[in-house]
Amino acid sequence: MPSGNILTAIDALNRLINGIDKTTLETELIASGWTSTPAKGGSKSGQGTIWTSVDTQCSVRIMTQRDGSSYVRVY
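What you are looking at is a predicted structure, and each value in this text was computed from that prediction instead of being measured. (Residues numbered from 1 in each chain as written. Predicted model: local features only at pLDDT ≥ 70, side-chain atom pairs only at ≥ 80, totals over all residues. Heavy atoms only, no water.)

## Thoughts on the overall build of the protein chain
- The secondary structure content of the protein chain amounts to two helices and four strands.
- Traced from its N-terminal end to its C-terminal end, the protein chain shows the element sequence α-α-β-β-β-β.
- Rg of the C-alpha trace for the protein chain: 12 Å, near the compact-globule value of 11 Å for 75 residues, within the 12% margin.
- By principal-axis analysis of the C-alpha atoms, the protein chain measures approximately 35 × 25 × 20 Å. (Helix = DSSP H or I, 4+ residues; strand = E, 2+ residues; numbered from the N terminus. Rg over C-alpha atoms; globule rule 2.2 N^0.38 Å.)

## What about unusual backbone geometry?
- With a phi angle near 65°, Gln57 is a residue other than glycine that sits in the positive phi range.
- Positionally, Gln57 belongs in the loop between strand E2 (47-52) and strand E3 (59-64).
- With a relative accessible area of 59%, Gln57 lands in the exposed category. (Buried < 20%, exposed > 50% of the residue type's maximum accessible area, 1.4 Å probe, protein only.)

## Looking at the sheet that holds strand E4 (residues 70-74)
- Spatially, E1-E2-E3-E4 is the arrangement adopted by the four strands of the open sheet, whose pairing is antiparallel. Each edge of the open sheet carries a strand with a single partner, namely strand E1 (35-39) and E4. Strand-to-strand, the axes of this sheet are offset by a mean angle of 20°, without reference to chain direction.
- As defined by bridge partners, E1 adjoins E2 across five bridges and the pair is classed as antiparallel. When the bridges of E2 are listed, Thr37 appears paired with Ile50.
- On top of the sheet, helix H1 (residues 9-17) reaches E3 and E4; it is set at about 145° to E4, its chief contact.
- Along the sheet face, helix H2 (residues 22-31) touches E2, E3 and E4 and points at about 145° away from the line of E3. (Pairing = 2+ DSSP bridges. Axes fitted to C-alpha atoms, helices over the stretch in contact; angles between N-to-C directions. Contact = heavy atoms within 4.5 Å.)

Structure representation (structure tokens):
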């Protein structure tokens, strides 16, 4: 069950350090009120989503590569 309390990029980073998976992270970002925008990637980085906190303007970019693996950048 999503906690809905990701307020800053540091909160997201802490969850990543603790091993959260992509689907759960996105579910928690939604529950926390973050907005999503499609992110275009290159041939190596694939497609993804940029999640932005409305309150703090922090952002988290989640990219899914062609092989199905994902990576995250926290801003």
